[in-house]
Amino acid sequence: MRNASCAGIILAGGLNRRMAGRNKARLPIGGQTILDRLLVLFRALFDPILIVTNQPRDYLEEGVILVTDLIDIRSSLTGIYSGLFYCPRPHAFITGCDMPFLKQELLELILKNLEPRWDVVVPVTEEGFQPLSAIYSRRCLEPIADQLAEGRLKVSHLFSKVRIKEVPETSLRQADPELESFFNINTPEDMDGLNP
């Protein structure tokens, strides 16, 4: 179920410090890299697909649009800003390259909540907002730029400045009962048990 107004953006610009510099997008999970898993999912749902990276040569063969950060501040918010800046659609679903278990059913649920009036469609669990599994409108560009200029890098600070649609945990669990979609890999320990 593609939504013609929504692109897909994968953020792959991190320094991977906690992974000893290993590129999280290229980590193997169940015989596929995390990026390969995400691209299979994204190709079923989004056109175009963008990767925000400061190492574009690492992704030349992926057949997607490659863009780099516009602002020299390392943060997810910077990646969101850069992806939206280059996005040719009014909206984009944005995720990180370290989320190997995103489920198509969950993305379809989030897409079903997309209406032109919303600036952000964001899942909410008992742990709070899930800003790297959310849809953002290009209308967020100006408030994000203001927030970056203020040095406020937490993505969820944006939500008080824009019109958001929250997707509650009860709905999310219908698409992903264990909420595995929100698991991300930050350290080598997070990989333990994932590749028997």
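Our structure's up above, just so we're on the same page.
Residues numbered from 1 in each chain as written. Predicted model: local features only at pLDDT ≥ 70, side-chain atom pairs only at ≥ 80, totals over all residues. Heavy atoms only, no water.

**With respect to the packing of aromatic side chains**
Line of reasoning, step 1. Under the counting rule described, the total for this entry stands at seven aromatic pairs.
Line of reasoning, step 2. For the ring pair Phe42 and Phe93, a centre distance of 5.9 Å and an interplane angle of 70 degrees mean the geometry is edge-to-face. Residue Phe42 is found in helix H1 (residues 34–45), and its partner Phe93 is found in strand E6 (residues 91–96); the two are separated by 51 residues along the sequence. The same class applies to Phe42 as to Phe93, namely buried.
Line of reasoning, step 3. Here the aromatic residues Phe42, Phe46 and Phe93 are joined through ring pairs into a cluster of three or more. (Phe/Tyr/Trp six-rings, centres within 6.5 Å; stacked < 30°, edge-to-face > 60°. Helix = DSSP H or I, 4+ residues; strand = E, 2+ residues; numbered from the N terminus. Buried < 20%, exposed > 50% of the residue type's maximum accessible area, 1.4 Å probe, protein only.)

**Some remarks on the pairing of strand E9 (residues 133–137)**
Line of reasoning, step 1. Of all the five residues making up E9, five are buried; the element is thus mostly covered by neighbouring parts of the structure.
Line of reasoning, step 2. Here E9 shows a buried face lined by Ser133, Ile135 and Ser137 and a second buried face lined by Ala134 and Tyr136.
Line of reasoning, step 3. Both E6 and E9 contribute to a ladder of five bridges, which runs antiparallel. What sits directly across from Ile94, in E9, is Ala134.
Line of reasoning, step 4. Examined bridge by bridge, strand E7 (residues 120–125) and E9 share two bridges and lie antiparallel to one another. (Pairing = 2+ DSSP bridges.)

**A word on the nonpolar core**
Line of reasoning, step 1. Counting 36 residues, the largest nonpolar core has Ile10, Phe42, Phe46, Phe93, Leu107 and Ile135 as the members making the most contacts within it.
Line of reasoning, step 2. Put simply, the parts of the chain that give this core at least two residues each are strand E1 (6–11), H1, strand E4 (49–52), helix H3 (104–112) and helix H5 (169–175).
Line of reasoning, step 3. For this core, the leading source of residues is H1, giving seven residues.
Line of reasoning, step 4. Leaving out residues up to four positions away in the same chain, Phe42 has contacts with Gly8, Ile9, Ile10, Ile49, Phe93, Thr95 and Leu107.
Line of reasoning, step 5. If you look at the next biggest cluster of nonpolar residues, it comprises 26 residues, including Val67, Leu77, Val120 and Val155. (Core = buried A, V, L, I, M, F, W, Y, C linked by side-chain atoms within 4.5 Å. Contact = heavy atoms within 4.5 Å.)

**Remarks on the pattern of salt bridges**
Line of reasoning, step 1. Tallied over the full model, the rule gives eight salt bridges.
Line of reasoning, step 2. In this structure, Glu115 and Arg117 form a salt bridge, with 2.8 Å as the shortest nitrogen-oxygen distance.
Line of reasoning, step 3. On the basis of relative accessibility, which here comes to 33%, the residue Glu115 falls in the partly exposed class.
Line of reasoning, step 4. Assessed through its relative accessible area of 45%, Arg117 is described here as partly exposed.
Line of reasoning, step 5. For Asp119, the salt bridge goes to Arg139, with nearest N and O atoms at 2.6 Å. Residue Asp119 is located in the loop between H3 and E7, and its partner Arg139 is located in the loop between E9 and helix H4 (141–149); the two are separated by 20 residues in the primary sequence. (Salt bridge = Lys/Arg side-chain N within 4 Å of Asp/Glu carboxyl O.)

**A word on H4**
An α-helix turns once per 3.6 residues; consequently, residues spaced three or four apart project the same way.
Line of reasoning, step 1. Of all the positions in H4, only Leu141, Pro143, Ile144, Gln147 and Leu148 are classed as buried. Across the axial projection of H4, the buried residues extend over an arc of 165 degrees, all falling on one side. Residues of H4 that are exposed and angled more than 90 degrees away from the buried face: Glu142 and Ala149.
Line of reasoning, step 2. Each element contacted by the buried residues of H4 is listed here: helix H2 (76–86) and E9.
Line of reasoning, step 3. Positive backbone phi, approximately 75 degrees, marks Gly151, located one or two places after H4. (Arc of directions from axis to C-beta.)

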